[in-house]
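Analysis of the macromolecular model
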Amino acid sequence: MQLNMRDVYDNAGNIKEALAAWLSGHKKLLALLPNLHLLNQHLSSNADVSFHEEAQSGLYFSFLGTGPINTAKDIHSVQISYQPQNISSHIVMTKGDEHSLLQTRISPAHLAAVLGETEDQIIQHFMAMGEKLGNKNAVIQLPITERTLTVIEPILAHKSHSISLAGHLYSAIFTLIEQLQMLSYLSQCEECQSKLFHAQNLIETPEYDTLNMKHLAQQVGLNTEALAIGFNLIVGQSIESYCTQSRIKFAAAQLRQNPTAKPHIVAQSGFSEDQFEAAFIQHFGVSSHQYGQIH
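Notes on the structure in this doc start here.

Calculation rules
- Residues numbered from 1 in each chain as written.
- Predicted model: local features only at pLDDT ≥ 70, side-chain atom pairs only at ≥ 80, totals over all residues.
- Heavy atoms only, no water.
- Helix = DSSP H or I, 4+ residues; strand = E, 2+ residues; numbered from the N terminus.
- Buried < 20%, exposed > 50% of the residue type's maximum accessible area, 1.4 Å probe, protein only.
- Contact = heavy atoms within 4.5 Å.
- Areas by Shrake-Rupley, 256 points an atom, 1.4 Å probe, with all protein chains shown as cover.
- Lys, Arg positive; Asp, Glu negative; His and termini not counted.
- Charge placed at Lys NZ, Arg CZ, Asp CG, Glu CD.
- Pairing = 2+ DSSP bridges.
- Axes fitted to C-alpha atoms, helices over the stretch in contact; angles between N-to-C directions.
- Expected span 1.5 Å × (residues − 1).
- Disulfide = S-S within 2.5 Å.
- Core = buried A, V, L, I, M, F, W, Y, C linked by side-chain atoms within 4.5 Å.

1. What about the overall build of the protein chain?
A tally of helices and strands in the protein chain yields eleven helices and nine strands. Expressed as lengths along the three principal axes of its C-alpha atoms, the size of the protein chain is roughly 65 × 50 × 35 Å. With 295 residues in all, the protein chain has 46% of them scored as buried. Sequence-distant contacts, at least 24 apart, represent 67% of the contacts inside the protein chain between residues at least 6 apart. Accessible surface, the protein chain: about 15,700 Å² in total, of which carbon and sulfur atoms supply 50%. Looking at charge distribution, the protein chain has the averaged site of its 17 positive side-chain charges lying 2 Å from that of its 26 negative ones.

So this is what it looks like as structure tokens:
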């Protein structure tokens, strides 16, 4: 099935009735100011679908999730990108896929006015950052940090269309710009990278306990924000995800040696039994019981 994204939702932001058998979700778009927009969108597919979508030029600050984004905890990553011109793209979803997006789009001229810069300075800055820190499409990835969660919650909790919501968006944008600058610095700081590798080594030690960001940051000589952002840069995944992966791999090694000791291994891992099984299936694709039978 091929669809144009503009034909998916009705005027109220709900999936059109004719497509309800294949798609579910919602789309809420607010034009807070002429050059400042906020989008909250969720789309779940019950079929293989290809979407054609058009995006306007501008600076995009995007918070990504899978299920509907109702609280900051529903967000798993951040993307920043600059689109110098309107673009068309294709999005492919297979049956069972879910995508969620909380996104603000602002024009370089508008951001320049807010920051007291020129439009050219803003454009050059984000183009340089995209080339230096972005992927092949110049999209920059950031992890979710405690500070990010703090600035997102007021946006999601806001119930009215007012100028105060624009203020919350500016706060989120400024926070992400600061994190972007920190990411740029960490990418060049060899001493900082050495500390980040030290954090990685500490997490991988068998005796490492449940993740405590503040304590780990103190151990390696970084603040928690730099640790979260830098770890994602160096390792390619969030520190929380890596810690879970490390602990479940260690637990799997213990299970291979002594399958009958599973209750002790689960207790030692720091997970509840349900968390243990969920992490096991996510990492190995099978339950711990099936894993034990295979190995």
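Continuing now.
2. Considering the sheet that holds strand E6 (residues 75–83)
In space, the six strands of this open sheet follow the order E2-E3-E8-E5-E6-E9, with antiparallel pairing throughout. Edge positions in the sheet fall to strand E2 (23–33) and strand E9 (140–142), since each of these pairs with one other strand and no more. The mean angle between the axes of side-by-side strands here comes to 15 degrees, regardless of whether they run parallel or antiparallel.

3. Topic: helix H3 (residues 146–157)
With twelve residues, H3 extends 17 Å between its outermost C-alpha atoms, agreeing within 8% with the 16 Å of an ideal straight helix rising 1.5 Å per residue. Turning to H3, its buried residues are Thr 148, Leu 149, Val 151, Ile 152, Ile 155 and Leu 156. Packed against the buried residues of H3 are strand E3 (36–45), strand E5 (58–65), E6, strand E8 (98–106) and helix H4 (163–186).

4. Topic: the state of the cysteines
Summed over all chains, the structure comprises one disulfide. Through a disulfide, Cys 189 is tied to Cys 192; the S-S separation comes to 2.4 Å. Measuring the twist about the S-S bond at about 70 degrees, one finds the Cys 189-Cys 192 disulfide to be right-handed. For the pair Cys 189 and Cys 192, one class covers both residues: buried.

5. Things to note about the sheet that holds strand E1 (residues 2–4)
The strands making up a sheet associate through backbone hydrogen bonding, with each pair oriented either parallel or antiparallel. Across the sheet, three strands lie side by side as E1-E4-E7; this open sheet has mixed pairing. Each edge of the sheet is formed by a strand with only one pairing partner; in this case those strands are E1 and strand E7 (87–93). Mean inter-strand twist for the sheet, computed between neighbouring axes without regard to direction, equals 25 degrees. Relative to E7, strand E4 (residues 49–55) runs antiparallel, the two sharing seven bridges. If you follow Ser 50 over to E7, its bridge partner there is Val 92.

6. Some details on the nonpolar core
What tends to happen in soluble globular proteins is that the nonpolar side chains get buried as a cluster. Membership of the largest hydrophobic core comes to 60 residues, with the highest contact counts inside it found for Phe 61 and Phe 126. For this core, the element with the most residues is H4, which contributes eleven residues. If near-sequence neighbours (up to four positions away) are discounted, Phe 61 is found in contact with Gln 79, Ile 80, Leu 102, Gln 103, Thr 104, Ile 106, Phe 126, Ile 173, Leu 176 and Ile 177. In terms of nonpolar packing, the next biggest core, distinct from the first, is built from twelve residues, Tyr 9, Leu 23, Leu 43 and Met 93 among them.

7. As for the pairing of E5
Most of E5 is tucked away, with eight of its eight residues classed as buried. Pairing analysis gives eight bridges linking E5 to E6, with the strands arranged antiparallel. Each bridged residue has a counterpart across the sheet, and for Leu 64 the counterpart in E6 is Ser 77.

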